[in-house]
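Residues per chain are reported as follows:
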Amino acid sequence: MLTIYKNSLSLQLDGPEESEFNFMWLRDNCQCEDCLHPVTRERTLITSDIPENISPIASNVADGKLSIMWNDQQHQSNYNFEWLIQQNKQQSQNSNFDDPAVGELKLWDKSLEDNIPTFDYKQLTNDDSILLAWCEAIRDIGLTIVRGAPTKKGEIERFAEHVGCVRETIYDRLHDVNADPNAYNVAQTSLELKPHTDMPNYNNPPGVQMFHFIKNEAKGGISTAVDGYHVAKLLKDHDPEAYKVLSETAVPFRIYSDKGDIVSSNPLLTLDTDGKLKVFRFSNQVAQPLSLSNTKMNEFYHAYRLLGKLIEDPNNMVQFRLNTGDMMATNNLRVMHGRTSYDINSGSRHLQLSYMDYDDVLSRIRMIKKASL
Ligand code: OGA
Ligand code: ZN
Ligand code: ZN
């Protein structure tokens, strides 16, 4: 059964239900070799060349295929039912792509402390099924610990290369953190580091942050983490207006080094097109002075204070000790990290950082799943 409407058609594919497809969409997604490059599978058809009144001159269904001759230069398109069924499934789920890397967010608070996803370095780097679990933990929880990595310098950069691509920033591919008399940021002192996301000064902050303790023999310096998505949800439930203010006020951030000077302004809560929180930015120490009207200034500081209190609330924070050879990784678009202060005279503390983009983790999930098919 094929029914033609003004700008769409409907047909039965694999059951009694009718599936509807828009003409412009069908023409745009013609699968022929003139429209879709047969080798690269990239579109060679110029979408904007399709006339607005596009519609079929003739159409029929036979041999598991929908065939259409269009009023645009009598172009002929064929669509396999299998492909149409897949597309229909995605359209009904409102998703653009049938993605094997889609996960399920699990928001967390202090109660995660006893079950932070924890991995053994050897297993993680030798077994792709364990690496898949690590990638999925970054995706769903946004915080992982890896125990027992070699204490060689550069290990975290090699680990990033094993998973995906190193994301370079003005802090180098491999960034050393240890107490330094010429400290250029709080991390390079032995002071407490409040929970923050790194590099909020980039329009696209690095999505995954990885830490490797070459040495941790100091007293103190306990690692902390807070789920930004969770505290944002608490804020939204408690004061939706404050949540809205933080999603609509651009905050300037700046970090500079002798390699560069990166400044950008973005909301602390960047929302996706469907209104869901996508990127959480928070770094009290590198936020720059705001320029807002007095009214907006008051609204902003009211909201910021509420968020700040939620971040500081011990019920929302996990704490854990990372020892020499341990690694930790966060989804830096979601989870804040920090540390308590440490006693510089009690032993040395040296960690190295590398970053990746979040897309690299999703990519690795797709690749491992593809390889195991
Ligand atoms: C940093 C940082 C944490 C630590 O350097 O960005 O957050 O444990 N360091 O020193
Ligand atoms: Zn075509
Ligand atoms: Zn940091």
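Coordinates for the structure precede this section.
The sections below set out a description of the structure shown in this document. (Residues numbered from 1 in each chain as written. Chains lettered and ligands numbered in written order. Predicted model: local features only at pLDDT ≥ 70, side-chain atom pairs only at ≥ 80, totals over all residues. Heavy atoms only, no water.)

1. Here's the deal with the packing of helix α6 (residues 228-238) against helix α8 (residues 294-312)
Relative orientation of the contacting elements α6 and α8 amounts to 130°, with a least axis distance of 9 Å. It follows from the interaxial angle that α6 and α8 lie oblique. Relative to α8, α6 is oriented so that their crossing is right-handed. Two secondary-structure elements touch here, α6 through V231, L234, L235 and H238 and α8 through L306, L307, L310 and I311. Grouping the constituent residues of the contact of α6 with α8 by class yields seven nonpolar, one polar and no charged. (Axes fitted to C-alpha atoms, helices over the stretch in contact; angles between N-to-C directions. Helix = DSSP H or I, 4+ residues; strand = E, 2+ residues; numbered from the N terminus. Parallel < 35°, antiparallel > 145°, perpendicular 65-115°, else oblique. Left-handed = near helix turned anticlockwise from the far one by under 90°. Contact = heavy atoms within 4.5 Å. Nonpolar A, V, L, I, M, F, W, Y, C, P; charged D, E, K, R; others polar.)

2. With respect to the coordination of the zinc ion (ligand 3)
Looking at the zinc ion (ligand 3), one finds its protein donor set to be H196 (NE2), D198 (OD) and H337 (NE2), positioned 2.0 to 2.1 Å from the metal centre. Read in sequence order, the donor residues for the zinc ion (ligand 3) give the motif H-x1-D-x138-H. (Donors = N, O, S within 2.8 Å, 3.2 Å for Na, K, Ca; no water.)

3. Let's talk about the site of ligand 1
As a matter of local geometry, ligand 1 sits amid V177, A187, L193, H196, D198, Q209, H337, R339, R349, L351 and L353. A distance of 3.2 Å separates an oxygen atom of ligand 1 from a polar side-chain atom of H196. Considering ligand 1 on its own, with 290 Å² of exposed area, one finds that the protein chains cover 95% of that surface. Contributing elements (two or more residues each) for the shell around ligand 1: β10 (193-196), β20 (335-339) and β22 (349-356). The biggest single contributor to the shell around ligand 1 is β22, with three residues. Split by residue class, the shell around ligand 1 holds five nonpolar, three polar and three charged. (Near = heavy atom within 4 Å. Polar contact = N/O pair within 3.5 Å; in protein donor to acceptor, adjacent residues only side chain to side chain. Areas by Shrake-Rupley, 256 points an atom, 1.4 Å probe, with all protein chains shown as cover.)

4. Remarks on α6
Every buried residue of α6 is accounted for by G228, Y229, H230, V231, A232 and L235. For α6, the elements touching its buried residues are β13 (223-227), α7 (240-248), β16 (269-271), β17 (277-280), α8 and β20. (Buried < 20%, exposed > 50% of the residue type's maximum accessible area, 1.4 Å probe, protein only.)

5. Section: the coordination of the zinc ion (ligand 2)
Taken together, C30 (SG), C32 (SG), C35 (SG) and H75 (NE2) make up the full set of protein donors to the zinc ion (ligand 2), lying 2.1 to 2.3 Å away. Every donor counted, the four donor atoms about the zinc ion (ligand 2) form angles of 102 to 114° at the centre, which fits tetrahedral coordination. All donor residues of the zinc ion (ligand 2) come from one chain, and their arrangement in sequence is C-x1-C-x2-C-x39-H. (Tetrahedral: all angles 85-135°; square planar, octahedral: opposite > 155°, others 65-115°.)

6. Observations regarding the pairing of strand β19 (residues 327-331)
Within β19, five of the five residues are buried, which leaves it mostly tucked inside the rest of the structure. The two faces of β19 match: M327, A329 and N331 on one face and M328 and T330 on the other face are all buried. Of the pairings in the sheet, the one linking strand β8 (residues 143-147) to β19 comprises four bridges and is antiparallel in character. Across the sheet, V146 pairs through a bridge with M327, a residue of β19. In this structure, strand β11 (residues 208-216) lies alongside β19, joined through five bridges in antiparallel fashion. Bridge pairing links Q209 to T330 in β19. (Pairing = 2+ DSSP bridges.)

7. Section: the pattern of salt bridges
Tallying each qualifying case throughout the model produces 21 salt bridges. Across the pair R147 and D326 runs a salt bridge whose closest N-O atoms are separated by 2.6 Å. Residue R147 is found in strand β8, and its partner D326 is found in the loop between β18 (317-320) and β19; the two are separated by 179 residues along the sequence. Of the charged contacts in the structure, one is a salt bridge between K194 and E192, with a shortest N-O distance of 3.3 Å. Given the relative accessible area of 36%, K194 is considered partly exposed. Beyond isolated ion pairs, a larger network of salt bridges with shared partners links E157, E161, E168 and R173. (Salt bridge = Lys/Arg side-chain N within 4 Å of Asp/Glu carboxyl O.)

8. Considerations on the sheet that holds β10
With antiparallel pairing, the four strands of this open sheet are ordered in space as β10-β20-β13-β18. Of all the strands in the sheet, the pair left with one neighbour each is β10 and β18. For this sheet the average axis-to-axis angle between neighbouring strands, irrespective of direction, equals 20°. Relative to β20, β13 runs antiparallel, the two sharing five bridges. Residue pairing for β20: V226 is matched across the bridge by M336. Here α6 sits on the sheet and contacts β13 and β20; the angle it forms with β13, its principal contact strand, is near 45°. The sheet contacts of α8 involve β10, β13, β18 and β20, and relative to β10 the element is tilted by about 110°.

9. Some thoughts on the nonpolar core
Grouped together as the largest cluster of nonpolar side chains are 51 residues, with contacts concentrated most on L143, F280, L307 and F320. In terms of nonpolar packing, the next biggest core, distinct from the first, is built from 29 residues, V146, Y358, V361 and L362 among them. (Core = buried A, V, L, I, M, F, W, Y, C linked by side-chain atoms within 4.5 Å.)

10. Here we look at the pairing of β8
On a regular strand, each side chain points to the face opposite its neighbour's, so the side chains alternate between the two faces of the sheet. In terms of burial, β8 is largely enclosed, as four of its five residues are buried. As paired elements, strand β7 (residues 118-120) and β8 share three bridges and run parallel to each other. The partner of D120 across the bridge, within β8, is R147.

11. Notes on the packing of aromatic side chains
Here the structure, examined in full by the defined rule, presents eight aromatic pairs. With a centroid separation of 5.4 Å and an interplanar angle of 25°, the aromatic rings of F300 and Y304 are classed as stacked. Of the two residues, F300 and Y304 both sit in helix α8, four residues apart, roughly one turn of that helix. The residues F300 and Y304 share a single accessibility class, namely buried. What links up through ring pairs into an aromatic cluster is the set F21, W25, Y79 and W83. The ring of Y202 has R167 sitting right over it, with the charged end atom 5.1 Å from the ring centre. (Phe/Tyr/Trp six-rings, centres within 6.5 Å; stacked < 30°, edge-to-face > 60°. Lys NZ or Arg CZ within 6 Å of the ring centre and 35° of its normal.)

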